[in-house]
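Next come the chains, spelled out residue by residue.
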Amino acid sequence: LQLVLEALMNNHLLINKSDNILNIKFNRPESRNAITREMFEILLSTLEECKKDNTIRAIILSGEGEAFSAGGDVKDMATREDKNSLQDKTSSLRRIMGVSELLYSLPIPSIAIINGPAAGAAFAISLACDLRIATENAKFVTAFAKIGFSGDFGGSYFLTKIVGTAKARELYYLSETIDAQKAKELGIINQLIESDNLDIYVKELKSKFQALPPIAIRFMKKNLNNAELGNLDLSLNDEALYMMICSETEDHKNAAKAFVKKEKVVFKGK
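I will try to describe carefully the structure that is included in this document. These numbers were taken from a predicted model, which means no experiment stands behind them.

**Some details on the pattern of salt bridges**
In step 1: Counting across every chain of the model gives 10 salt bridges.
In step 2: We note a salt bridge from E64 to K25, for which the minimum N-O separation is 3.3 Å. Here E64, found in the loop between β3 (58-63) and α3 (74-79), pairs with K25, found in strand β2 (residues 21-26); they are 39 residues apart in sequence, far enough to count as distant.
In step 3: Relative accessible area serves as the criterion here: at 30%, E64 is assigned to the partly exposed category.
In step 4: Salt-bridge contacts for E41 lead to R95; the nearest nitrogen and oxygen are separated by 2.6 Å. Of the two residues, E41 sits in helix α2 (residues 37-49) while R95 sits in helix α4 (residues 86-96), which places them 54 residues apart along the sequence.
In step 5: Each of R28, E30 and D73 takes part in one network of salt bridges that share partners.

**Thoughts on the pairing of β2**
Every regular strand shows the same layout, with side chains that alternate between the two sheet faces.
In step 1: Burial analysis of β2 places 5 of its 6 residues in the buried class, which makes it a mostly covered element.
In step 2: Strand direction decides the pairing type here: strand β1 (residues 13-18) and β2, joined by 6 bridges, are antiparallel. Across the sheet, residue I15 finds its bridge partner in β2, namely I24.
In step 3: Between β1 and β2, which pair antiparallel and follow one another directly, the connecting turn spans 2 residues, one of which, D19, has a positive phi of 50°.

**Quick word on the sheet that holds strand β6 (residues 131-134)**
The strands that make up a sheet are held in pairs by hydrogen bonds between backbone atoms, and each pair lies either parallel or antiparallel.
In step 1: The strand order across the open sheet formed by 6 strands is β1-β2-β3-β4-β6-β9, and the pairing between neighbours is mixed. In the strand order of this sheet, the two ends are held by β1 and β9 (191-192), each with one partner.

**What to know about helix α6 (residues 120-128)**
The α-helix advances 3.6 residues per turn, and as a result positions three or four apart in sequence lie on the same side.
In step 1: Of all the 9 residues making up α6, 9 are buried; the element is thus mostly covered by neighbouring parts of the structure.
In step 2: All of the buried residues along α6 are G120, A121, A122, F123, A124, I125, S126, L127 and A128.

**Topic: the packing of aromatic side chains**
In step 1: Tallied over the entire structure, the rule returns 7 aromatic pairs.
In step 2: A centroid spacing of 5.5 Å and a plane angle of 50° characterise the contact between F123 and F140, whose relative ring orientation is tilted. One end of the pair, F123, is in helix α6; the other, F140, is in strand β7 (residues 139-141), with 17 residues separating them in the sequence.
In step 3: A residue is classified by how much of its surface remains accessible, and F123, at 3% relative accessible area, is buried.
In step 4: The exposure class assigned to F140 is buried, which follows from its relative accessible area of 1%.
In step 5: Their ring planes at 20° and their centres at 4.5 Å tell us that F219 and Y242 sit as a pair that is stacked. Placement of the pair is F219 in helix α11 (residues 214-227) and Y242 in helix α12 (residues 232-247), with a sequence separation of 23 residues.

**Remarks on the side chain of D251**
In step 1: Secondary-structure assignment places D251 in helix α13 (residues 250-261).
In step 2: Beyond its immediate chain neighbours, meaning those up to four positions away, D251 contacts P214, F267, K268, G269 and K270.

**Quick look at unusual backbone geometry**
In step 1: Phi at A143 is positive, roughly 70°, even though this residue is not glycine.
In step 2: Among the secondary structure elements, A143 is positioned in the loop between β7 and α7 (155-163).
In step 3: We classify A143 as buried; its relative accessible area is 18%.
In step 4: Backbone geometry places K262, a non-glycine residue, at a positive phi of 60°.
In step 5: Of note, K262 is situated in the segment after α13.

**Quick word on the sheet that holds β7**
In step 1: Spatial ordering of the open sheet is given by β5-β7-β8, a layout of 3 strands whose pairing is mixed. Where the open sheet ends on each side, the last strands, each with one partner, are β5 (117-119) and β8 (178-179).
In step 2: Relative to β7, β5 runs parallel, the two sharing 3 bridges. Each bridged residue has a counterpart across the sheet, and for A118 the counterpart in β7 is F140.
In step 3: Against the sheet, α6 touches β5 and β7, its axis set at about 95° to β5.

Thresholds applied
- Residues numbered from 1 in each chain as written.
- Predicted model: local features only at pLDDT ≥ 70, side-chain atom pairs only at ≥ 80, totals over all residues.
- Heavy atoms only, no water.
- Salt bridge = Lys/Arg side-chain N within 4 Å of Asp/Glu carboxyl O.
- Helix = DSSP H or I, 4+ residues; strand = E, 2+ residues; numbered from the N terminus.
- Buried < 20%, exposed > 50% of the residue type's maximum accessible area, 1.4 Å probe, protein only.
- Pairing = 2+ DSSP bridges.
- Phe/Tyr/Trp six-rings, centres within 6.5 Å; stacked < 30°, edge-to-face > 60°.
- Contact = heavy atoms within 4.5 Å.
- Axes fitted to C-alpha atoms, helices over the stretch in contact; angles between N-to-C directions.

Next comes the structure, spelled out in structure tokens:
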């Protein structure tokens, strides 16, 4: 209910939960879905609430109209007066950068649907997601150098992991725009879908996540995040623990029986 109330209070960010999928859409098409401070705040609080909701099977992040998002609202930055200390301003920014941290660390798969430009902080936020699905209309640019910024929302961290340090440095320093095909070649996006087929593809993707075993998927994401730390002992220890936890679930027991009987299983998250 709180998610719905907050979404109604600020229609620049459309939030709804349907069939256990949390849909979050940037909704400022007139400004290419540039993200204001208030939008960041609501996005952060929305993701914080996801910690309490074990029914969410996936988080879908998208943009209204012809852009995913132009990133932080530069006009808002240019006109907003902040007389707080450097320490206070740094703490405030670090707090809302929790958006990327939560998309990455929440044990819920997150998917960015990109049907247009993704720039700056919005590009960084999409990189924090588990999957990125784009159309031929997608374009990607770090953009920070163009306005004298060094970059935030974890973009340098995630891009380096995805494309390697040399290419990440090139994309940050030179701030060149890359198209969807180049992004696919670099491994930035998982799938390149024709825009005419995007709605059908997203609908099918939601159905796939709705059908997956939620408890197992949550632990699977934890394992995959552990793997990026490069600590084999930690990975093996947690894999063993999570497997045994999953072995005690109704989902696993029902799935094992259904497998033997060659029947279809419906995962209930229990």
